[in-house]
Amino acid sequence: MTSKEYEKAGVSIHAGESLVDKIKKINPNIGGFAGLYQLDADRFLVACTDGVGTKLELGIKMQRYEYLGQDLVAMSLNDLIVCGARPLFFLDYYATGKLDVDVAHRVIKGIVKACQECNCILLGGETAEMPGFYDNNKFDLAGFAVGEVYQKDLIDGRKIVAGDCLIGLPSSGFHANGYSLIRKIMGDHKLSLETPFEGKTLGEFLTEPTKLYVKEILNLKTIVPIKAMAHITGGGLTNISRVLPERFVFDADKSKIPTPPIMKFFKDLGKISDDEAYNVWNMGLGFCIVVSPEHVQAVKNTIPNSFEFGKIIPLHTK
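Residues numbered from 1 in each chain as written. Predicted model: local features only at pLDDT ≥ 70, side-chain atom pairs only at ≥ 80, totals over all residues. Heavy atoms only, no water.

**Some points on helix H9 (residues 261-269)**
Along H9, the positions that sit buried rather than exposed are Ile 262, Met 263, Phe 266 and Lys 267. The arc that holds the buried residues of H9, viewed along the axis, is 135°, so those residues lie on one side. Where H9 is buried, its residues contact helix H6 (179-188), strand E7 (196-197), helix H7 (202-206) and helix H10 (274-280). (Buried < 20%, exposed > 50% of the residue type's maximum accessible area, 1.4 Å probe, protein only. Helix = DSSP H or I, 4+ residues; strand = E, 2+ residues; numbered from the N terminus. Arc of directions from axis to C-beta. Contact = heavy atoms within 4.5 Å.)

**Overview of the packing of helix H4 (residues 65-80) against helix H5 (residues 101-117)**
Running from amino to carboxyl end, H4 crosses H5 at an angle of 45°, the nearest separation of the two axes being 7 Å. With respect to their mutual orientation, H4 and H5 come out oblique. For H4 against H5, the interelement crossing comes out right-handed. Within the contact between the two elements, H4 uses Tyr 65, Glu 66, Gly 69, Gln 70, Leu 72 and Val 73 and H5 uses Val 103, Arg 106, Val 107, Lys 109, Gly 110, Ile 111, Ala 114 and Cys 115. (Axes fitted to C-alpha atoms, helices over the stretch in contact; angles between N-to-C directions. Parallel < 35°, antiparallel > 145°, perpendicular 65-115°, else oblique. Left-handed = near helix turned anticlockwise from the far one by under 90°.)

**Considering the nonpolar core**
In terms of nonpolar packing, the biggest core is built from 91 residues, with Phe 139, Leu 206, Phe 266, Trp 281 and Ile 289 touching the most fellow members. Beyond its immediate chain neighbours, meaning those up to four positions away, Phe 266 contacts Phe 174, Ile 182, Ile 185, Met 186, Leu 202, Leu 206, Ile 272 and Trp 281. (Core = buried A, V, L, I, M, F, W, Y, C linked by side-chain atoms within 4.5 Å.)

**Observations concerning the sheet that holds strand E1 (residues 35-38)**
What links the strands of a sheet is backbone hydrogen bonding, and the strands pair in either a parallel or an antiparallel sense. Spatially, the five strands line up as an open sheet ordered E1-E2-E5-E3-E4, and their pairing is mixed. Sheet topology places E1 and strand E4 (121-129) at the edges, where each strand pairs with a single neighbour. Going from strand to strand, the sheet's axes swing by 20° on average, the running direction of each strand aside. Running over the sheet, H4 touches strand E2 (43-51), strand E3 (86-96) and strand E5 (139-150) and is turned about 35° from E5. Sitting on the sheet, H5 is in contact with E3, E4 and E5, with an inclination near 170° to E3. (Pairing = 2+ DSSP bridges.)

**What to know about the pattern of salt bridges**
Applying the stated rule across the entire model yields 16 salt bridges. Here Glu 148 makes a salt bridge to Arg 43, at a shortest N to O gap of 3.5 Å. Highlighted residues: Glu 148 in strand E5 and Arg 43 in strand E2, separated in sequence by 105 residues. Looking at Glu 148, the relative accessible area reads 13%, which means it is buried. A residue is classified by how much of its surface remains accessible, and Arg 43, at 25% relative accessible area, is partly exposed. (Salt bridge = Lys/Arg side-chain N within 4 Å of Asp/Glu carboxyl O.)

**Re unusual backbone geometry**
Within the chain, Glu 198 stands out as a residue other than glycine whose phi angle is a positive 45°. Within the secondary structure layout, Glu 198 lies in the loop between E7 and strand E8 (200-201). For Glu 198, a relative accessible area of 56% translates into the label exposed. Although it is not a glycine, Lys 271 sits at a positive phi angle of roughly 50°. Along the chain, Lys 271 turns up in the loop between H9 and H10. Residue class for Lys 271 comes out exposed when judged on its relative accessible area of 74%.

**Quick look at the sheet that holds strand E12 (residues 307-314)**
Pairing is antiparallel in the open sheet, where five strands are placed in the order E9-E11-E6-E12-E10. Edge positions in the open sheet fall to strand E9 (228-231) and strand E10 (248-252), since each of these has one partner strand only. With strand direction ignored, the average angle separating the axes of adjacent strands in the sheet is 25°. Bridging between E10 and E12 involves five bridges; their strand directions are antiparallel. Looking across to E12, one finds that Phe 248 is bridged to Pro 314.

All we've got here are geometric facts, nothing functional implied.
Quick look at the structure:
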């Protein structure tokens, strides 16, 4: 599926999918939310990496450095838990043209706080000063997370059957995806980060940190037999397809997803189609859980703000 406005903003989802397809021909194990390494007969090590994308530009302008640290941790740890893994440790990479010690310290404070919230250790990292390559007032971030899961607890979608239910957990905003499109819309309509919106500014809404789902999910998996999970990151709703067996697809009722007003604002202002909006942004759905119908209420009892928004159906009925 192409995203025309997103491509005009400079990002091609199709190119990214093509690269993954090419890599899969070299290494068929690539393509999940995280990679699994069998440590022994009972356990897997699970690893993933991610960044914050062009949200960095807005976060730097708003000086919300601690929030960018949380974004970095959340984008990796939310991927890591999809297979049921428990985070163990995290590493960061901070690259800049000229090191501002105070700014870097605030970013790392945000990383440490987010790791502590998830019972994960910041084990180390790298700070790279690269004059002439990065502008002096800018920096880039990358994060690397490692966790573990016992083979008996691995969640991989294999037990999915037709009629299973999709349960969503709300996002805290755009998280860290689709910001190139947001920035294009802002530029086209001459909006600034100081533009008022619903009692705050656009900048405050757009730099809200990515929600961490680790504690909720690790607790839920001790209560409910989860069949599959998806982090709704780059690619929007299409992320759900990544965890389904080939013979199944999903049928989502988008009206059941609590889309924040800030997302509706940018969708309407940019004249973004439904298909593109749900293919680029999370539209209020931050994380998805697949369970049997009889376990839906238990999920809602455990995570009160969760919501049912769709079902699994056989491929030929879609």
